[in-house]
Amino acid sequence: MSPYAKRLMWPVVILLALVAVNIAATGVDFIVPSVNDDGRLGGAFVNILRRSVPLLLIALGMTLVIATKGIDLSVGAVYAIGAAIACQTIMDSSDQGAAGTVLTAIALALVVTAVIGAWNGVMVAAFGIQPIVATLILMIAGRGIAQLITGGQIPKVEDTSPFTELGRGAFLTIPIPIWIAALALTALALLTRRTALGMLLESVGGNPEASRLAGIRSKGITVLVYLVCGLCAGLAGLIGASNLGSADANNGGLWIELDAILAVVIGGTALLGGRFFLLGTTIGVVIIGTLEDTIINVGLSSQWQFTAKAIVVFVVALLQSPGFRAWILKPFKRTPQARVEAPAPAKAEEAAK
Amino acid sequence: MTVQTLTERPSRSTLFDGLTRYIPIGATVALLAALYLGGVANYPNFDNPQVVAKLFIDNAPLLVIAVGMTFVILSGGIDLSVGSVMAFSTMACAWLTVEAGIGAPLALVLVLAFGTAWGLLIGAVIHYFDVQPFIATLVGLFLFRGLTLQISDTDVSMREVEFFQWGMTHVDFGEIRDGGFWLPYLSFVAFAVVVIAFVVLHYTRFGRGVYAVGGSESSALLMGLPVARTKIGVYAVSGFCAALAGVLAAFATKSANPLANVGAELDAIAAVVIGGTLLTGGAGFVLGTVAGVMVWGMLNTLIAFQGNLSSWWARIVMGVLLLAFILLQRVLARSGEKRRT
Amino acid sequence: MSDAALVRMTGIVKDFTGVRALDGVDFTLRPGEIHAVMGENGAGKSTLIKVLTGVHGHDAGEILLDGEPVRFSSPKAAQAAGISTVYQEVNLTDNLSVAENLLAGREPRLGPFINFRAMRRRAKELLDDIGIDLNVAAPLSSYSIAMQQLVAIARAVDIEAKVLILDEPTSSLDRDEVEVLLGVMRRLAAKGTAMVFISHFLDQVYEISDRMTVLRNGRLVGEWATADLGQNELIGHMLGREAAALEQIERAASAHRVEDEEPLLQAEGLGRKGSIAPYDLTIRRGEVVGLAGLLGSGRTETARLIAGADRADSGTLRFEGRKVGGHNPRTAAARGIAFCPENRKTEGLVGDLTVAENMILAMQASRGWARSIPVARRDKLVASFIEKLGIRPADPDMPVKNLSGGNQQKVLLARWMLIEPKLLILDEPTRGIDVGAKADIQRLVAELSADGMSVLFVSAELDEVTRLSDRIAVLRDRELISVLQDEADMTSERIVDTIVAGGRES
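Chains are numbered independently. Their residues run from 1 in the order of the written sequence. As a convention, the first chain written is A and the first ligand written is 1, with the rest following in written order. Restriction of local features to residues with pLDDT of at least 70 applies here, the model being predicted, together with a cutoff of 80 or more for giving and counting side-chain atom pairs; totals for whole chains, interfaces and linings are based on all residues.

1. Concerning the overall build of chain B
Now for step 1: Secondary structure elements follow DSSP: runs of H or I of four or more residues count as helices, runs of E of two or more count as strands, with numbering from the N terminus. When its secondary structure is counted, chain B shows 13 helices and five strands.
Now for step 2: In terms of C-alpha radius of gyration, chain B reaches 21 Å, essentially the compact-globule figure of 20 Å for 341 residues.
Now for step 3: Each principal axis of the C-alpha distribution contributes one length, and for chain B these read about 80 × 50 × 35 Å.
Now for step 4: Remark: C-beta atoms are placed from the backbone, and a residue is labelled buried if 20 or more other C-beta atoms sit within 10 Å of its own, exposed if 12 or fewer do, or partly exposed between those counts. The 341 residues of chain B split such that 53% are buried. Using C-alpha atoms as the atom set, the radius of gyration is obtained and then compared with a globule rule of 2.2 Å times the number of residues to the power 0.38.

Written as structure tokens, this is what we have:
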């Protein structure tokens, strides 16, 4: 089995288990898409996918940031800012239905969020501030900025505006958010794997000093990655706002940064940087989305969501901790240790001396 | 053999030294004074002493969690769970007294013990399993918000429980009309926490150990200091403070809101950093944290006096200050590094 | 000096995942003696110390302290038993005051509270004892690294130590400070404290130590009274002779004398404070220049300045006749200077990436992220280098961390050969790798230089340096003391003589 498939195996198993629990609880309808009266694809699972799109976009951006040994705590706030800009721009315009208005609003929101992302990147790369600290600033101030844009109100976009299509519409029966997510995933996969960006990211995150000595321009790459992350958060905000038809600066995308980090970690990307898995993150996002439905489907109150997530974070954090694994494996040390031990050639080499 | 004596004068060089050490906190105090004078100049009644007293009434719980956070940040960690633990503690007070019918004093002891125990557990996970503090305390953030909501997803009132009247019982300092002011008991609890924290951090082995671990954990280990005890201890202190803050909130509002204190951890972190504590650990003062909390309170007071400003300006200004302080610390640290090598 | 051993370590074995760091080492420390442990990088000195002080456990062997078998679980436990250590890196917390650092964990107290006045007084006494005078209330960070090191020593001495271990304590000290330290050591020895002294400064070792234990490649070479072992012999023991098993590479260097070639690189007064004194060095086209010296002599530092890995703070560097400005690894690579650093794992390879990815890293870095190397071309290049260098296993998709040391080194070499540099800087390319890979790499260096590439070759093994080099720069105590040019000088003996002589002159 290739190392790539090995990393993806656990997330897939967990997801399948969750889906099985849901099918057991609610029947096969859970997984089988149905076609709604208006010609759109529906059904429980499709809805989970559709609702998970903002989280997915943010988690994809976060994956790249984490690959460089970084983290971006500000994405929830950036989500709120993106949503606020778009909705406020549309609301302030004379004709909410005009395509021009909507496109301007979307473009404005994306540009601003990209700039915010780049700013985070500059703080990290040029000023040498720890990522967690640098992005904490906007995590704290960002929602205030969003509030400022909306003037403390919750701007509402008329249901007739084409803007709402972004979150609610469908194209070829498939919901538009899912199209956007698929496009974003493909674009990022192409951006990182068709160019050398992905490899250089992994190199910078895996061993910064070796990367410097190999002549990699890590600063530019770092800024670019935070920019992409900001852009993803902005786009997520747009979809979220369009789905609701409004932008809530206080609660829009609340704690989404934590969910995103969780999804990245579930997907097999280590918080210490290095190898990253966009597909793994995607599965992680779907797991989180499915988890939320599962709780309700098995008859627990929706309040269990937080508790369940806490348990998932705890288990994942412990499983990633070498200290914990050593402690757990201690009783079985003899057998498993031998297999994970350094490769045979090194031993042979020592013997040859 | 003659004994040669070497001597060297200390150079002012880094963030930890002499005067440089006081630059961040000096800036905070100056800022605080400027905010206050600005308020006095612009708004009538701003010079009423009760305005200052009110800072310590409204922000007593924040002050307490910020003090706990100061311990954690000084040791080089971070605790994201304080807001949720605080809300959970308030809710637990309400549930234990109203629903379970346990005597209030016993309920308080249980809640405080639970907060401390949680801190010990998460500290142990962080230390022994080498889990990042950020992730480990994230568990608490989710878990306690969830548990709080599971106890009740609506407000629970504690008005019926007589014991909770105690917190807002107040002491008057002169007549209000003649420029006096009053403070409730719960503010004195917060002051006591500050004083105890100050003494512990500066005058006990545990406190100095916190600074040592924050300065360099590996060095502290090689120096034979009790690193495990210290690291686990700071999270226990933070857990205790969060639980205590929840109790104070119960006193102050006499009701438990399951969605209270969302984001309180961020306010506490901001207050600590604006108070001059290095986010990477090892340098800072608990009194600075008091100043940081006062800045936060003063901003909110100013906004209240202005009347037509969104309360979100306080968050934005805090963000800007945070940025300024982080850059300032970075510059001071860099100039120190340069001079030394 | 009594014969009763204070510490007796016998047959100590220590394995790190697949690597045997100590192989049946014996070590004896007697009361009141200063015992130097000598050896090159990877000889096992540090591991031996760490086993003794409880940082590492050992896999076989026995430690007796005062005749009692002991096994320490942590440095703290070792301290409690009277074994105290001062490391090369100052292991104190510089955000606290001098007094706190001296007494952390043992502060005088009044009830539960620290008595700061008594603490300062006690700290002052401690420093007086060893002959330094500081403001003990000032933060440690306001003093020089050297002074911090002396504070660390004062701290260690205070812990009623029966055994004091000094691991390269003098590397950041100047002459006066070293004198103070040696004075302290003599006084402690007179009081009966036994000391283990590790230093790469031979003068200091000869001045202060009573006995020496020499290690090489994790094995014990022997133990001598210092007075009985000359410097030449000592260096011979430390560097050793290659096993005859190593296939002899003819001195390929002689085949292409390059005196008349134009200089490719000229360093004039290039230096960096605290790491290497300003030096002049010229490298001609197609020439192999060796850098020889003991551990800590500045050989790595010399190479790093030329490579652009560290910034020089004095002097100029000319490459192909033009002055080099803004020197860093990226611009160096663009000019054609490639650098394989000393430490493969932490500075060379990205362990999680595959063999192929690690190989093309430098080439890709020079193209920028947007211009990916086409897959077909990449595969072809990688395959050809795996073939050419004999990398095993020949799997380009294997994570490089799973390869053995020798194969990892070849991957690193391939990374730089891919960009076809004009100057290849190799810092200890053969350390810790097996004999076969060693021979491969040596042969490769000879071939590359025959093809016209210049090579700067750093190695602790003199045989290797003499075999490959056209000229050899000899370093000692962070100074370039001599450049050997004549064919007749290309011998280990001549290098050792130069190192020893260099010490006497200064």
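2. Some points on the nonpolar core
Now for step 1: Of all hydrophobic cores here, the largest spans 384 residues; its most connected members are Ile58 of chain A, Ile65 of chain B together with Ile425 of chain C.
Now for step 2: The contacts of isoleucine 65 of chain B, once residues within four sequence positions are left out, are Val82, Met86, Cys241, Ala242, Ala245, Ala264 and Ala268 of chain B. Any nonpolar core is a set of buried residues, restricted to Ala, Val, Leu, Ile, Met, Phe, Trp, Tyr and Cys, that join up through C-beta atoms within 7 Å. For the purpose of contact definition, each residue receives a C-beta atom placed from its backbone, and two residues are in contact when these atoms lie within 7 Å.

3. Description of the interface of chain B and chain C
Now for step 1: Contact residues are listed per partner, giving 30 residues for chain B and 35 residues for chain C.
Now for step 2: Elements that contribute at least two residues to the side of chain B that touches chain C include exactly β1 (6–7), α8 (205–215) and α9 (217–222) of chain B.
Now for step 3: Broken down by element, the side of chain B that touches chain C gets its largest block of residues, five residues, from α8 of chain B.
Now for step 4: Residues are grouped as follows: Ala, Val, Leu, Ile, Met, Phe, Trp, Tyr, Cys and Pro are nonpolar; Asp, Glu, Lys and Arg are charged; every other residue, Gly included, is polar. The class makeup of the residues in the side of chain B that touches chain C is 13 nonpolar, twelve polar and five charged.

4. Section: the packing of helix α3 (residues 75–92) of chain A against helix α10 (residues 218–244) of chain A
Residues and elements named next belong to chain A.
Now for step 1: Lines fitted to the C-alpha atoms define the axes, with helices restricted to the stretch that makes contact. Angles between their N-to-C directions range from 0 to 180 degrees. Taken N-terminus to C-terminus, the directions of α3 and α10 make an angle of 55°; their axes are 7 Å apart at the nearest point. By the angle between their directions, the pair α3 and α10 is classed as oblique. Like other packed secondary-structure pairs, α3 and α10 cross with a definite hand, here right-handed. Where α3 approaches α10, its residues Val75, Val78, Tyr79, Ala80, Ile81, Gly82, Ala83, Ala86 and Cys87 are matched on the opposing element by Cys229, Gly230, Ala233, Gly234, Ala236, Gly237, Leu238, Gly240 and Ala241. Roughly parallel means an angle under 35 degrees; roughly antiparallel means over 145; roughly perpendicular covers 65 to 115; every other angle is labelled oblique. Take the far helix as your reference; a near helix turned counterclockwise from it by less than a right angle gives a left-handed crossing, and one turned clockwise gives a right-handed crossing.

5. Focus: the packing of helix α11 (residues 256–266) of chain A against helix α13 (residues 304–320) of chain A
Residue and element names in this part refer to chain A.
Now for step 1: Taken N-terminus to C-terminus, the directions of α11 and α13 make an angle of 45°; their axes are 10 Å apart at the nearest point. By the angle between their axes, α11 is oblique relative to α13. Helix-helix and strand crossings are classified by hand; for α11 and α13 the assignment is left-handed. For the pair α11 and α13, the contacting residues are Leu262, Val265 and Ile266 in the first and Lys309, Val312, Val313, Val316 and Gln320 in the second.
Now for step 2: Per-class residue counts for the contact of α11 with α13 are six nonpolar, one polar and one charged.

6. Topic: the sheet that holds strand β11 (residues 194–198) of chain C
Residues and elements named next belong to chain C.
Now for step 1: DSSP bridges decide pairing: two strands pair if at least two such bridges lie between them. Read across the open sheet, the six strands follow the order β6-β10-β11-β3-β12-β13; overall the sheet is mixed. Strands at the two margins of the open sheet, each flanked by one partner only, are β6 (83–86) and β13 (219–225). Strand-to-strand twist of the sheet, defined as the mean angle between neighbouring strand axes without regard to direction, takes the value 20°.
Now for step 2: The pairing of strand β3 (residues 34–38) with β11 spans three bridges and is classified as parallel. Within β11, the position partnered with isoleucine 34 by the bridge is methionine 195.
Now for step 3: Running over the sheet, helix α5 (residues 145–158) touches β6 and β10 (163–167) and is turned about 180° from β6.
Now for step 4: Packed on one face of the sheet, helix α8 (residues 231–239) meets β3, β12 (211–216) and β13 and runs near 30° to β12.

7. Here we look at the UniProt feature "transmembrane region" (unreviewed entry) in chain B
All names here are of chain B.
Now for step 1: UniProt positions are given in the numbering used here, feature names are shortened, and annotations may be inferred rather than shown by experiment. When the UniProt feature table is mapped onto this chain numbering, "transmembrane region" (unreviewed entry) sits at residues 22–43, 55–74, 105–129, 182–201, 232–253, 259–279 and 312–333.
Now for step 2: Helix makes up 85% of residues 182–201 and strand 15%. Its end C-alpha atoms lie 29 Å apart.
Now for step 3: Across residues 232–253 one finds 100% helix and 0% strand; the C-alpha atoms that close the span lie 32 Å apart.

8. Focus: the sheet that holds strand β14 (residues 263–272) of chain C
All names here are of chain C.
Now for step 1: Read across the open sheet, the four strands follow the order β15-β14-β17-β18; overall the sheet is antiparallel. The sheet is open, and its two borders are formed by β15 (276–284) and β18 (322–323), each paired with just one other strand.
Now for step 2: Alignment of strand β17 (residues 314–319) against β18, held across two bridges, turns out to be antiparallel. By the bridge assignment, arginine 318 is partnered in β18 with lysine 323.
Now for step 3: The strands that helix α9 (residues 299–307) touches are β14, β15 and β17; relative to β14, the one it contacts most, it runs at about 115°.

9. Quick notes on the environment of leucine 56 of chain A
Residues and elements named next belong to chain A.
Now for step 1: Inspection of the secondary structure assignment puts leucine 56 in helix α2 (residues 44–67).
Now for step 2: Along the backbone, leucine 56 and leucine 103 are 47 residues apart, and their C-alpha atoms lie at a distance of 23 Å.
Now for step 3: For leucine 56, the residues in contact, after removing those within four places along its chain, are Ala181, Thr282 and Val285.

10. Examining the confidence of the model for chain A
Now for step 1: One confidence number per residue, pLDDT, is output by the predictor and ranges from 0 to 100. Per-residue pLDDT for chain A averages 84, and the proportion of residues at 70 or more is 92%.
Now for step 2: Scored below 50 in pLDDT, residues 334–353 of chain A shows 23 contacts in the model against residues more than four places distant or in partner chains.

11. What to know about α5 of chain C
All names here are of chain C.
Now for step 1: Each residue after the first adds 1.5 Å to the expected span of a helix. Between the first and last C-alpha of α5 there are 20 Å, a value that for 14 residues agrees with the 20 Å anticipated at 1.5 Å per step.
Now for step 2: Here α5 has its buried residues at Ala146, Met147, Gln148, Gln149, Leu150, Val151, Ala152, Ile153, Ala154, Arg155, Ala156 and Val157.
Now for step 3: Looking at the residues trailing α5, positive phi occurs at glutamate 160, about 25°.

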